[in-house]
Amino acid sequence: MHYQDVTMIQELHIRQRSEVKEGTLSPYAARSNATKGRERNEEPDPVRTEFQRDRDRILHTNAFRRLKHKTQVFIAPPGDHYTTRLTHTLEVSQIARTITRALNLNEDLAEAISLGHDLGHTPFGHIGEDVLNDLYPDGFRHNEQSLRVVSGLEKNGRGLNLTWEVRDGILHHSKSEKCMFGSEWEQGSTYEAEVVKISDAIAYINHDISDAFRAGMLSQNDLPSDISGILGSSHAQRINTMVCDIIQASWAVAESNEAQNKPVICMSASIGAATEQLRQFMFQNVYNVQSQNADARHARKVVRGLFEYLTQHEECLPAEYQTGGEKISRRVADFIAGMTDQYALDLAAKLGVA
């Protein structure tokens, strides 16, 4: 047998070896060979597990690339180091992978959900989302739009045909306005999805603090001293405190052999309370203030103007949004949600709507 033939045979068993390794994960971990499947059946990949395939498909989408030009919180920031929707996504992925690895859950699934969770986010962050939610008759939520992206909008309307577990995690990553860090929040279908949900919050709270420092909205001394005393005074200390606490608080139950004690991805009471207080501080001193400035008002005008104009002038939509059988408001919402900040600004100026 030639060397190339031996190499090919070895490669054909790489996926199986990875699936065997998944057998050593926590009994609560999702396993790729036990997935609930895809909407369309596919032959297994010789090298990658099902969740690894999903991760790679998301990485190679146009929607993922556009995230680098979408606002996180600060619209048109003056510096190069502000968080974008893309850098946020990568930070969520890193935090989620750390937690899932420590809890012996499926790191590949958590990574895939993380990378796909914000693909449907609008230009101008939650400002754009709020405007579309007001204008689109059926309401607009970015997590639902992210699912639309991977299920139908990408690949010329074919979608990515992702596994059920990844699609479910993308759909359910959003959080309510209730306290998000205790053990009482609603649990998702997989523990990996719950890890992504809490990692999303950890990431945005901490990088938004750093961006507020850059923008001159906050200084280190503005952060409540009692919260800093619990969580730490630096970006790295806060993230480390939160991540380690999640691992410890979840681990105690995850390792229990008592059937009634199912694991819960959560923070301890003290760290969870401090983190929630920090989140509320950010809403009062950054998010609510930022949402009322001139850039935010202009962003609202842009999104509203685009929606109202395009629903009346279907001929101005790109060809792929002029067909498909969906009502015009749905197609316009899809088109706007996929825009980068600059594209939306340029188109609004071209059409004379902002």
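Presented here is a report on the structure given in the accompanying data block. (Residues numbered from 1 in each chain as written. Predicted model: local features only at pLDDT ≥ 70, side-chain atom pairs only at ≥ 80, totals over all residues. Heavy atoms only, no water.)

## Some words on the overall build of the protein
Within the protein, the regular secondary structure consists of 16 helices and 0 strands. Taken against the 2.2 N^0.38 rule, which gives 20 Å for 354 residues, the C-alpha radius of gyration of the protein at 22 Å falls within 12% of a compact globule. Taken along the three principal axes of its C-alpha coordinates, the protein extends 65 × 55 × 40 Å. When the 354 residues of the protein are sorted by exposure, 52% land in the buried category. For the protein, the exposed area adds up to about 16700 Å²; of that, 50% sits on carbon and sulfur atoms. (Helix = DSSP H or I, 4+ residues; strand = E, 2+ residues; numbered from the N terminus. Rg over C-alpha atoms; globule rule 2.2 N^0.38 Å. Buried < 20%, exposed > 50% of the residue type's maximum accessible area, 1.4 Å probe, protein only. Areas by Shrake-Rupley, 256 points an atom, 1.4 Å probe, with all protein chains shown as cover.)

## Regarding the layout of surface pockets
Taken as a whole, the second largest pocket encloses approximately 650 Å³ of empty space. Around the second largest pocket, the lining comprises 29 residues; the ones closest to its centre are Leu153, Glu154, Gly157, Glu320 and Tyr321. Listing elements by their share of the lining of the second largest pocket, those giving two or more residues are α4 (62-66), α8 (142-153) and α15 (328-337). (1 Å grid on protein atoms, 1.4 Å probe; cavity = no way out; pocket = protein on both sides within 12 Å on 5 of 7 lines; lining within 4 Å. Points joined across faces, edges and corners; volume = space filled by probe spheres on them.)

## Digging into empty space enclosed by the protein
Under the counting rule described, the total for this entry stands at 2 cavities of 30 Å³ or more. Here the second largest cavity is characterised by a volume of approximately 40 Å³. For the second largest cavity, the full set of lining residues is Leu223, Pro224, Ile227, Ser228, Leu231, Gly232, Arg238 and Leu278. Class assignment for the residues of the lining of the second largest cavity results in 5 nonpolar, 2 polar and 1 charged. (Nonpolar A, V, L, I, M, F, W, Y, C, P; charged D, E, K, R; others polar.)

## Notes on unusual backbone geometry
Phi at Asn104 takes a positive value of approximately 60°, unusual for a residue other than glycine. Summarising the element assignment, Asn104 is placed in the loop between α5 (85-102) and α6 (107-116). A positive phi is found at Asn156, a non-glycine position, where the angle reads about 55°. The residue Asn156 is located in the loop between α8 and α9 (164-171) in this model.

## A word on the packing of aromatic side chains
Applying the stated rule across the entire model yields 6 aromatic pairs. Three or more aromatic residues joined by ring pairs make a cluster, and in this case those are Tyr204, Phe283 and Tyr287. We note Lys36 situated over the ring of Trp164; from NZ or CZ to the ring centre the distance is 3.9 Å. One Lys or Arg, Arg330, reaches over the ring of Tyr136 and ends 4.7 Å from the middle of that ring. (Phe/Tyr/Trp six-rings, centres within 6.5 Å; stacked < 30°, edge-to-face > 60°. Lys NZ or Arg CZ within 6 Å of the ring centre and 35° of its normal.)

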